Amino acid sequence: MPELPEVETIRRTLADRIGGRTIQNVDLSLARLVKWPVPAQFLAVIMGKTFDRLERRGKYLLFYLKDIQEPEQETTMILVVHLRMTGRLRYLAPGEEIDRFTHVTFHLDNGDRLIYADTRTLGTLYLVSDTELWRLSGLAGLGPEPLSAEFTLEYFQGALRGRKGKIKGLLLNQQIIGGMGNIYADECLAVAGLSPERSAGSLTPEESRLLYDAVNQVIREGIEHGGTTFRDYRDGDGKSGSHQRHLAVYGRANQPCSRCGGTIIRKEIAGRGAHFCPECQK
């Protein structure tokens, strides 16, 4: 599943391309991807809208729309996209080949297209006003994101305090840290030298500071490398990320640890596969 660095990379590669472009027509071949409103109303409302700006919250992309015919409208419509496991958004110029798993095509006023493709068709699209974002419980309940002003060391240490659950599970809790996923949770714990099996509340102040710094470092580096591509993920231009070349533990089961030479293992922890070195992650 695309995580914060991948979704942020998609946002950055699309934002300038779609800004100011008007949706002239929409091809929707798989109506069940639209979760709100009903597909017919979705198409009726979004047609003729102009992309104003593109923002991201956690793993959600928020396309802010404006109606140039009604510039003084009281509410702003927002197209919210969650890519789930295999969703892809790509900007295509005329003549560029369309992804064979494309299910939604936004035809723009300059002849270009914004497509949504999804191999496993698990992604979701919503069209809501800025006063209706509460309808998306996953979005409304997101905690502070790494690298944000709200994600402070004090906040993070407070979130750890007294919790008996494993630290791996806490890092994946979207209500505590928005946008974190399995790949980057494993990498953060590796950088901090902490076992994913530790209980969150057992971390000392120094260990929690190391993990806090690791979270910000790993997410920042993931963004700098354009995200992690193993199979499906591509940015808005159709390019793969390169962060997979820099991973310390994720996807490296039975390989030597670059830090201590021990053997990296994979184990199910907190309901998810965890990759770590039992020698140097205590």
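What you are looking at is a predicted structure, and each value in this text was computed from that prediction instead of being measured.

S.K.: Requested: an account of the overall build of the chain, with residues and values cited.
M.R.: Helix and strand counts for the chain come out as seven helices and eleven strands. Taking 2.2 N^0.38 as the reference for a compact globule, 282 residues should give roughly 19 Å; the C-alpha atoms of the chain span a radius of gyration of 20 Å, in line with that estimate. By its C-alpha atoms, the chain is 60 × 40 × 30 Å across when sized along the principal axes. Taking all 282 residues of the chain together, the buried fraction comes to 51%. Of the contacts made within the chain by residues no fewer than 6 positions apart, 62% connect residues no fewer than 24 positions apart. Surface exposure of the chain reaches about 12,900 Å², of which carbon and sulfur atoms provide 46%. Looking at charge distribution, the chain has the averaged site of its 37 positive side-chain charges lying 7 Å from that of its 35 negative ones.

S.K.: Which residues make up the packing of helix α1 (residues 4-18) against helix α7 (residues 205-224), and what values go with them?
M.R.: If you want to describe how two helices pack, look at the angle between their axes and the distance between the axes. At a minimum axis separation of 8 Å, α1 and α7 run at an interaxial angle of 40°. The angle between α1 and α7 falls in the class oblique. Two packed elements cross with a definite hand, and for α1 against α7 that hand is right-handed. Contact residues: α1 offers L4, P5, E8, T9 and R12, while α7 offers I219, G222 and I223. Across the contact of α1 with α7, the residue classes break down as four nonpolar, two polar and two charged.

S.K.: Describe the sheet that holds strand β4 (residues 60-66), with residues and values.
M.R.: With mixed pairing, the five strands of this open sheet are ordered in space as β2-β9-β5-β4-β3. Edge positions in the sheet fall to β2 (34-36) and β3 (50-57), since each of these pairs with one other strand and no more. Taking the axes of each pair of neighbouring strands and ignoring which way they run, one obtains an average angle of 25° across the sheet. The strands that α1 touches are β3 and β4; relative to β3, the one it contacts most, it runs at about 165°. Packing against the sheet, helix α2 (residues 39-46) makes contact with β2, β4, β5 (77-82) and β9 (124-129), and its axis sits at approximately 60° to β9.

S.K.: Go over unusual backbone geometry with me, naming the residues and quoting the values.
M.R.: Cis geometry is found at the peptide bond from W36 to P37, where omega equals -10°. Structurally, the position occupied by P37 is in the loop between β2 and α2. Even without being glycine, R84 reaches a positive phi, approximately 55°. Following the sequence through the fold, R84 ends up in the loop between β5 and β6 (87-92). Owing to a relative accessible area of 29%, R84 belongs among the partly exposed residues under this scheme. Look at A270: it is not a glycine, yet its phi comes out positive at around 55°. Residue position: A270 is located in the loop between β10 (265-269) and β11 (272-276).

S.K.: A description of the sheet that holds strand β7 (residues 102-108) should follow, citing residues and the corresponding values.
M.R.: In sheet architecture, strand pairing relies on hydrogen bonds along the backbone and comes in two forms, parallel and antiparallel. Taken in spatial order, the four strands line up as β1-β7-β8-β6 in an open sheet, and their pairing is antiparallel. The open sheet has two free edges, formed respectively by β1 (23-28) and β6, since each of these has just one partner strand. Along the sheet, successive strands turn relative to each other by an average axial angle of 15°, direction set aside. One ladder, built from six bridges, connects β6 with strand β8 (residues 113-118); its direction is antiparallel. In the sheet register, R90 faces β8, and the bridge partner there is I115. The strands that α1 touches are β6 and β8; relative to β6, the one it contacts most, it runs at about 35°. Set on the sheet, α2 makes contact with β1 and β7; between it and β1 the angle comes to about 160°.

What counts, and at which threshold
- Residues numbered from 1 in each chain as written.
- Predicted model: local features only at pLDDT ≥ 70, side-chain atom pairs only at ≥ 80, totals over all residues.
- Heavy atoms only, no water.
- Helix = DSSP H or I, 4+ residues; strand = E, 2+ residues; numbered from the N terminus.
- Rg over C-alpha atoms; globule rule 2.2 N^0.38 Å.
- Buried < 20%, exposed > 50% of the residue type's maximum accessible area, 1.4 Å probe, protein only.
- Contact = heavy atoms within 4.5 Å.
- Areas by Shrake-Rupley, 256 points an atom, 1.4 Å probe, with all protein chains shown as cover.
- Lys, Arg positive; Asp, Glu negative; His and termini not counted.
- Charge placed at Lys NZ, Arg CZ, Asp CG, Glu CD.
- Axes fitted to C-alpha atoms, helices over the stretch in contact; angles between N-to-C directions.
- Parallel < 35°, antiparallel > 145°, perpendicular 65-115°, else oblique.
- Left-handed = near helix turned anticlockwise from the far one by under 90°.
- Nonpolar A, V, L, I, M, F, W, Y, C, P; charged D, E, K, R; others polar.
- Pairing = 2+ DSSP bridges.

The quantities given are spatial measurements derived from coordinates; they are silent on function.
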